[in-house]
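Letter by letter, the chains look like this.
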Number of protein chains: 2
Amino acid sequence: MKSLTVDLGSRSYPIYIGPGLIDRRDLLTPHITGKQVLVVTNETVAPLYLDRLLALLNGYQVATVVLPDGEQFKTLETLDAIFTQLLTSRFDRGVTLIALGGGVVGDMTGFAAASYQRGVAFIQVPTTLLSQVDSSVGGKTGVNHRLGKNMIGAFHQPQLVLADTDTLRTLEPRQLSAGVAEVIKYGLINDPEFFVWLEQNMHALMALDGDALAYAIGRSCADKAAIVASDERESGQRALLNLGHTFGHAIETGMGYGEWLHGEAVGTGMLLAAEVSARMGWMGTNEVERIRDLLARAKLPLKAPADMSGARFLDLMAVDKKVHAGKLRFVLMRGIGQSFITGEVAPEQIAAAIDAHHEVG
Amino acid sequence: MKSLTVDLGSRSYPIYIGPGLIDRRDLLTPHITGKQVLVVTNETVAPLYLDRLLALLNGYQVATVVLPDGEQFKTLETLDAIFTQLLTSRFDRGVTLIALGGGVVGDMTGFAAASYQRGVAFIQVPTTLLSQVDSSVGGKTGVNHRLGKNMIGAFHQPQLVLADTDTLRTLEPRQLSAGVAEVIKYGLINDPEFFVWLEQNMHALMALDGDALAYAIGRSCADKAAIVASDERESGQRALLNLGHTFGHAIETGMGYGEWLHGEAVGTGMLLAAEVSARMGWMGTNEVERIRDLLARAKLPLKAPADMSGARFLDLMAVDKKVHAGKLRFVLMRGIGQSFITGEVAPEQIAAAIDAHHEVG
């Protein structure tokens, strides 16, 4: 088992990564603050892991919410169902929420915990690669609005993240690929050595080799934790974590939530960011090709949706959270592992890069 | 004009109190963080003050949301309307929300600001006595759930509170009385000298005497600010501010939001707290009578709703946020200005006090 700590002063918390952790009562219960526990999961994950988790909670007052599965349900309406269960169970401020599932379950459970009685404790038990490497670190929680993704939410840190790598064996191949996209992101942001490791070990990762998984998840979490610790509220460098996300959110919103997986959209978004970087003369085309090759080996989509023009992207990106004072800001690259934030790219150049990518991608 | 500062470190903010402040651009605009402003108000307040506020915002990019008026609209659904306007206006993280109205508008606008893009700035322009003395200090924001009041929310501090005492001249008498209930609360919590001042000046206050209003609002805000500064997240002494609220919330929930005004319910709740305190032998009956007399002079209701039994109160109070580990905690009094928190009163004693009050009240 690997373990690391996200260092946020009084809000610091541990992440445990390894096989079989979902059965480890000794790891879980020290982080439950009271006697009341609400487990939030979805209809896909519940049949696989809910009973095993509940078996650890003997002696607690436990209630369960099983949500429908999919990004399209990450809404205020679904959130209300969690509040209804909390209130029907008469759970008070001492309750601990446990998110058992992927990023959608984690984001919603975290926001429910942030908002219920103005803030209660929560624990993440992520069961997808994407949520293990990404949404479990950093405390971003929230729901979508039909006019924009993740527009409603809070920063709220968990007490504990328990990432059982065995749960990845039941993932659909598309979900695995989507998670690998976020893993690749950490190499691109500021860890070129990890990018090379991924080029050398992508086969093992896609084959769910236990050691490769644990290494990739641990390194991704450590890379992310270092960035988050330096900028918890995203006033500066934390925005680097949005590499690929401005383009990716546009794809998700434009295609309708649930059509593209978040990680798939981010993968294509990173390639678009690389394309723009190359067109600006900041990145070599050979590096764009290395990125494209790695994404291809992770079985990720390599083209923006055919019916989304550059102009449509710009329109959707105008409501993105990365907008400051009306100016679009992008995370681009000066090379693999050398990302930076810029507001100096004209919208027309972005649109042209996307349109070019449609033709050549 | 009076001014005071709520001292919360980096989240400190000023409160200005006095006549004509709603026309003071010099007080307002230094606290607007960017160029985008969303004004949130309701259909009662909008015809009275919206144009005057908008006249100060020349040069800003301004949008407006006019909500229906009433506690029954303090819901996630109404909140969604605020988010829709923010997104339709394409407002980014630099937006400032301005709450123009009473406590409901302030609570919802504050929670929208806490949640939009995980947190943006907001300013309170409270136009009721209750919101000027209570909800504008302390950063509590949120909405109701049909199963419990203020169950969904966040702590989020405003940049500024601008309390124009002239706006109280358009208040309905019931709304004025409801605000006076919260003013009396500060005397009861820990300021017996202020309680005596209120006994001597209630007539001036109810007649909207400008000096009396400014004094009472300023002293209430200062009393509250001192408590909040010592315990921002309500881990201890801040709970004293809930004097009368555990009973009051039960009345509001039991009768249906909007039937009793919040301040009316709190007024009766304080009297019930005094009754329980007297029955426990902690408070003299002469002090209960002084409280009852002062509430009567403020034209507040003095009886719990006839169809709400002690058992019904207990049932509703069981979901209150003041519950800890399944145990009901109450703010009671050892005398006027000597409130304290206790979990040592048996539910049966509470129910008996309420039932007795029905008979004698």
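Residues numbered from 1 in each chain as written. Chains lettered and ligands numbered in written order. Predicted model: local features only at pLDDT ≥ 70, side-chain atom pairs only at ≥ 80, totals over all residues.

A. Region of interest: the overall build of chain A. From N to C terminus, chain A includes 13 helices and 11 strands. Taken over C-alpha atoms, the radius of gyration comes to 20 Å for chain A, in line with the 21 Å a tight globule of 361 residues would show. C-alpha atoms of chain A, sized along the principal axes, occupy 60 × 40 × 35 Å. For chain A, the residues scored as buried account for 54% of the 361 residues in total. Nonlocal contacts in chain A, meaning residues at least 24 apart in sequence, comprise 75% of its contacts between residues at least 6 apart. (Helix = DSSP H or I, 4+ residues; strand = E, 2+ residues; numbered from the N terminus. Rg over C-alpha atoms; globule rule 2.2 N^0.38 Å. Buried ≥ 20, exposed ≤ 12 C-beta atoms within 10 Å, placed from the backbone. Contact = placed C-beta atoms within 7 Å.)

B. Main features of the relation of the copies chain B and chain A. Superposing chain B onto chain A takes a rotation of 180° plus a shift of 0.0 Å along the axis, which leaves an RMSD of 0.0 Å. Overall, the copies show the geometry of a two-fold rotation axis. The position closest to the rotation axis in chain B is occupied by the C-alpha of leucine 76 of chain B, lying 3.6 Å away. Here 100% of the interface residues in chain B have copies in chain A that are interface residues too; the copies meet face to matching face. (Least-squares fit on C-alpha atoms with pLDDT ≥ 70 in both.)

C. Expanded view of the environment of lysine 2 of chain A. Residues and elements named next belong to chain A. Assignment of secondary structure puts lysine 2 in strand β1 (residues 2–6). According to the C-beta neighbour criterion, lysine 2 is partly exposed, with 16 such atoms within 10 Å. Excluding residues within four positions of it along the chain, lysine 2 makes contact with Ile17, Gly18, Ala214 and Gly218.

D. Up close: the nonpolar core. Ranked by size, the top nonpolar core spans 218 residues in total, and within it Val40 and Ala273 of chain A together with Val40 and Ala273 of chain B carry the most contacts. Leaving out residues up to four positions away in the same chain, valine 40 of chain A has contacts with Val65, Leu67, Ile82, Leu97, Ile98, Ala99, Leu100, Val105 and Thr109 of chain A. (Core = buried A, V, L, I, M, F, W, Y, C linked by C-beta atoms within 7 Å.)

E. A look at the environment of glutamine 338 of chain A. Tracing the backbone shows glutamine 338 of chain A in the loop between β10 (330–333) and β11 (339–342). Glutamine 338 of chain A gets classed as partly exposed once you count the C-beta atoms within 10 Å, which come to 16.

F. Expanded view of the domain arrangement of chain A. Residues and elements named next belong to chain A. What the domain assignment lists for chain A is domain 1 (2–170) and domain 2 (173–360). A straight line from the C-alpha centre of domain 1 to that of domain 2 covers 25 Å. Taken together, the 30 residues of domain 1 in the interface contact 30 residues of domain 2. Counting only elements with at least two residues in the side of domain 1 that touches domain 2, the list comes to β1, β2 (13–18), α5 (129–135) and β8 (148–155). Considering each element in turn, the side of domain 1 that touches domain 2 owes the most residues, five residues, to α5. For the side of domain 1 that touches domain 2, the residue count by class is 14 nonpolar, 10 polar and six charged. (Domains from an automatic or database assignment. Nonpolar A, V, L, I, M, F, W, Y, C, P; charged D, E, K, R; others polar.)

G. Representation of unusual backbone geometry within the structure. All names here are of chain B. Positive phi is not limited to glycine here, since arginine 90 has a value of about 55°. Here arginine 90 is to be found in the loop between α3 (76–88) and β5 (96–101). One non-glycine residue, glutamine 117, adopts positive backbone phi at about 50°. With respect to the secondary-structure elements, glutamine 117 resides in the loop between α4 (103–115) and β6 (121–126). Overall, glutamine 117 belongs to the buried group, with 26 C-beta atoms counted inside 10 Å.

H. Quick look at the pairing of β5 of chain B. Residues and elements named next belong to chain B. Of all six residues that make up β5, six are buried, and the element is covered over most of its length. Sheet analysis places strand β3 (residues 36–42) next to β5, joined by four bridges and oriented parallel. Looking across to β5, one finds that valine 39 is bridged to isoleucine 98. Judged from the six bridges that link them, β5 and β6 form a sheet pairing that is parallel. Within β6, the position partnered with leucine 97 by the bridge is phenylalanine 122. Handedness of the crossover is the feature at issue here: the chain leaves β5, passes through α4, returns alongside β6, and the resulting connection is right-handed. (Pairing = 2+ DSSP bridges. Right-handed = clockwise from strand over helix to strand, strands pointing away.)

I. Spotlight on the sheet that holds strand β9 (residues 160–164) of chain A. Residue and element names in this part refer to chain A. Pairing is mixed in the open sheet, where seven strands are placed in the order β1-β2-β9-β6-β5-β3-β4. Each end of this open sheet is capped by a strand with a single partner; those strands are β1 and β4 (61–67). Pairs of neighbouring strands in the sheet enclose a mean axial angle of 15°, with direction left out of account. Where β1 meets β2, five bridges bridge the pair, whose relative direction is antiparallel. (Axes fitted to C-alpha atoms, helices over the stretch in contact; angles between N-to-C directions.)

J. Here's a closer look at the interface of chain B and chain A. Counting residues at the interface gives 33 residues for chain B and 33 residues for chain A. Only α3, α4, β7 (140–145) and β8 (148–155) of chain B provide two or more residues apiece to the side of chain B that touches chain A. Broken down by class, the residue content of the side of chain B that touches chain A amounts to 14 nonpolar, 11 polar and eight charged.

K. α3 of chain B, seen in detail. All names here are of chain B. Taking 1.5 Å of rise per residue, the 13 residues of α3 would be expected to cover 18 Å, and the 18 Å separating its terminal C-alpha atoms lies within 8% of that figure. What α3 keeps buried is the set Leu79, Ile82, Phe83 and Leu86. Along the axis of α3, the buried positions cluster into a sector of 95°, meaning they face one direction only. Facing away from the buried surface of α3 by more than 90 degrees, the exposed residues are Glu77 and Thr88. Backbone geometry just downstream of α3 places arginine 90 in the positive-phi region, at approximately 55°. (Expected span 1.5 Å × (residues − 1). Arc of directions from axis to C-beta.)

L. Highlighting the sheet that holds strand β4 (residues 61–67) of chain B. Residues and elements named next belong to chain B. Strand order in the open sheet made by the seven strands is β1-β2-β9-β6-β5-β3-β4, with mixed pairing throughout. Bordering the open sheet on either side are β1 (2–6) and β4, each of which pairs with just one other strand. Between one strand axis and the next, the sheet turns through 15° on average, direction left out of account. Taken together, the seven bridges between β3 and β4 define a ladder with parallel strand orientation. Along β4, the bridge assignment pairs threonine 41 with valine 66. The strands touched by helix α2 (residues 46–55) within the sheet are β3, β4, β5 and β6, with β3 carrying the most contacts at an inclination of about 165°.

M. Representation of the pairing of β2 of chain A in the model. All names here are of chain A. Linking β1 back to β2 in an antiparallel pair, the connection comprises six residues, with glycine 9 at a positive phi of about 60°. Examined bridge by bridge, β2 and β9 share four bridges and lie parallel to one another. Along β9, the bridge assignment pairs isoleucine 17 with alanine 163.

N. Looking closely at the environment of valine 133 of chain B. Within the secondary structure, valine 133 of chain B is located in helix α5 (residues 129–135). Sequence spacing of valine 133 of chain B and glycine 218 of chain B is 85 residues, and the spatial spacing of their C-alpha atoms is 7.7 Å.

O. Quick peek at the confidence of the model for chain A. Averaged over all residues, the pLDDT of chain A is 92; the fraction at 70 or higher stands at 96%. Reported for the predicted complex are a pTM of 0.88 and an ipTM of 0.86. (pLDDT = per-residue confidence, 0-100.)

P. Seen up close, the packing of helix α10 (residues 262–279) of chain B against helix α11 (residues 285–297) of chain B. Residues and elements named next belong to chain B. Across the interface, α10 lies against α11 with an axial gap of 9 Å and an inter-helix angle of 170°. Relative to α11, the element α10 is oriented roughly antiparallel. On α11, the residues that touch Gly267, Met270, Leu271, Ala274, Glu275 and Ala278 of α10 are Thr285, Val288, Ile291, Arg292 and Leu295. Here the residues of the contact of α10 with α11 sort into seven nonpolar, two polar and two charged. (Parallel < 35°, antiparallel > 145°, perpendicular 65-115°, else oblique.)

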